[in-house]
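Chain by chain, the residues:
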Amino acid sequence: LKIVVLVSGGGTNLQAIIDRIEDGTIENAKIEAVISNNLNAYALDRARKHGIKAECVSPKQYSRREEFNQELLKTIQGYEADLIVLAGYLVVVPECIIKEYRNRIINIHPSLIPSFCGKGYYGLNVHEGVLKRGVKITGATVHFVDEGTDTGPIILQKSVEVEEGDTPERLQKRVMEQAEWVILPEAIRLIANNEVTVCDGIVKRK
Ligand code: GRF
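Rules and cut-offs
- Residues numbered from 1 in each chain as written.
- Predicted model: local features only at pLDDT ≥ 70, side-chain atom pairs only at ≥ 80, totals over all residues.
- Heavy atoms only, no water.
- UniProt positions renumbered as here; feature names shortened; annotations may be inferred.
- 1 Å grid on protein atoms, 1.4 Å probe; cavity = no way out; pocket = protein on both sides within 12 Å on 5 of 7 lines; lining within 4 Å.
- Points joined across faces, edges and corners; volume = space filled by probe spheres on them.
- Helix = DSSP H or I, 4+ residues; strand = E, 2+ residues; numbered from the N terminus.
- Near = heavy atom within 4 Å.
- Polar contact = N/O pair within 3.5 Å; in protein donor to acceptor, adjacent residues only side chain to side chain.
- Sits in = over half its atoms within 2 Å of the grid points.
- Contact = heavy atoms within 4.5 Å.
- Buried < 20%, exposed > 50% of the residue type's maximum accessible area, 1.4 Å probe, protein only.
- Arc of directions from axis to C-beta.
- Axes fitted to C-alpha atoms, helices over the stretch in contact; angles between N-to-C directions.
- Parallel < 35°, antiparallel > 145°, perpendicular 65-115°, else oblique.
- Nonpolar A, V, L, I, M, F, W, Y, C, P; charged D, E, K, R; others polar.
- Salt bridge = Lys/Arg side-chain N within 4 Å of Asp/Glu carboxyl O.

- Naming follows an unreviewed UniProt entry, where the protein appears as Phosphoribosylglycinamide formyltransferase of Velocimicrobium porci.
- According to UniProt, the comment filed for the protein under the heading Catalytic activity (unreviewed entry) is "N(1)-(5-phospho-beta-D-ribosyl)glycinamide + (6R)-10-formyltetrahydrofolate = N(2)-formyl-N(1)-(5-phospho-beta-D-ribosyl)glycinamide + (6S)-5,6,7,8-tetrahydrofolate + H(+)".
- Looking at the Function (unreviewed entry) heading of the UniProt record, one finds this comment for the protein: "Catalyzes the transfer of a formyl group from 10-formyltetrahydrofolate to 5-phospho-ribosyl-glycinamide (GAR), producing 5-phospho-ribosyl-N-formylglycinamide (FGAR) and tetrahydrofolate."

### So, the layout of surface pockets
At step 1: Computed from the structure, the largest pocket encloses a volume of approximately 990 Å³.
At step 2: Gly 88, Tyr 89, Leu 90, Asn 107 and Tyr 122 are, among the 37 residues lining the largest pocket, the residues nearest its centre.
At step 3: Elements with a contribution of two residues or more to the lining of the largest pocket: α1 (12–22), α4 (95–100), β5 (105–109) and α6 (168–192).

### Concerning the site of the ligand
At step 1: In the vicinity of the ligand, the contacting residues are Gly 9, Gly 10, Gly 11, Thr 12, Asn 13, Gly 88, Ile 108, Pro 110, Gly 123, Gln 172, Met 176 and Glu 180.
At step 2: A distance of 2.8 Å separates an oxygen atom of the ligand from a polar atom in the backbone of Asn 13.
At step 3: A distance of 2.7 Å separates an oxygen atom of the ligand from a polar atom in the side chain of Glu 180.
At step 4: Its atoms largely coinciding with the cavity grid, the ligand occupies the largest pocket.
At step 5: Among the secondary structure elements, those contributing two or more residues to the shell around the ligand are α1 and α6.
At step 6: The element contributing the most residues to the shell around the ligand is α6, with 3 residues.

### Things to note about the UniProt feature "site: Raises pKa of active site His" (unreviewed entry) in the protein
At step 1: Within this numbering scheme, the UniProt entry marks Asp 150 as carrying the feature "site: Raises pKa of active site His" (unreviewed entry).
At step 2: Here Asp 150 shows up in the loop between β6 (137–144) and β7 (154–161).
At step 3: Leave out the neighbours within four places in its chain, and Asp 150 touches Asn 107, His 109, Ile 113, Cys 117, Gly 118, Tyr 121 and His 143.

### Focus on helix α5 (residues 124–133)
At step 1: Of all the positions in α5, only Val 126, His 127, Gly 129 and Val 130 are classed as buried. Across the axial projection of α5, the buried residues extend over an arc of 155°, all falling on one side.
At step 2: One or two positions beyond α5, positive phi appears at Gly 134, with a value near 75°.

### Some thoughts on the packing of α5 against α6
At step 1: Close contact between α5 and α6 brings their axes to 9 Å; oriented N to C, the two are set at 110°. Comparing the axis directions of α5 and α6 gives the class roughly perpendicular. Here Leu 124, His 127, Glu 128, Val 130 and Leu 131 of α5 lie close against α6, whose contacting residues are Pro 168, Glu 169, Leu 171, Gln 172 and Val 175.
At step 2: For the contact of α5 with α6, the residue count by class is 6 nonpolar, 2 polar and 2 charged.

### Examining the pattern of salt bridges
At step 1: Evaluation of the coordinates by the stated rule reveals 15 salt bridges.
At step 2: For Glu 67, the salt bridge goes to Arg 64, with nearest N and O atoms at 3.9 Å.
At step 3: Owing to a relative accessible area of 31%, Glu 67 belongs among the partly exposed residues under this scheme.
At step 4: For Glu 71, the salt bridge goes to Lys 74, with nearest N and O atoms at 3.6 Å. Here Lys 74 and Glu 71 lie together in helix α3 (residues 65–78), a separation of 3 residues that amounts to about one turn.
At step 5: Each member of the salt-bridge network shares a partner with another, and the members are Glu 95, Lys 99, Arg 102 and Glu 147.

### Observations regarding the side chain of Asn 13
At step 1: Within the fold, Asn 13 resides in helix α1.
At step 2: Its relative accessible area of 6% is what places Asn 13 among the buried residues.
At step 3: Ignoring sequence-local partners within four residues, the contact set of Asn 13 consists of Ala 87, Ile 108, Met 176, Glu 180, Trp 181 and Leu 184.

The structure is reproduced here in structure tokens:
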């Protein structure tokens, strides 16, 4: 399975995928490239340290958004990606890519969808919302990406306890460590082993 990972920030989810491939947990999958919209994303440095092609394709490099959209699609196709993984990617995925890669783009979201997701809920905002509402259980979700925001078929979820005195930062760290870094590589392992299928918008195990 040829994978292209899209990133914007620190790349800790990318690192989890790299680690699971290198330790053999994920077989028959290879990260062909890591692409960021942010030239300074530490995720790009993580890729380079592991001999993985790393490049920046950003809307800022183009006068029209449509040009960026086409350029990103061409770049991904150039790597012959079978699967696109959004790992902390903060740019809206262009429609042309969603259509070309139907049910072949996955995203990690740091809550139990459909709670605390959609427009405006990304990064720390998610955990601030969780603490504000006072829910006792949160977690993370890996889902296929469709035209909406955090609305595609759910592949895996993992719950995490909210603890007394949690700050958004402390909660984010626990959700990343205990959930994101576990279910994103696991979803890739399932897909690489051709163990998931989508039926009427519901992900099923083969
Ligand atoms: C984090 O907020 C994480 O919850 C979300 O993307 C952000 C950055 O993750 N999935 P990473 O360290 O760049 O993978």
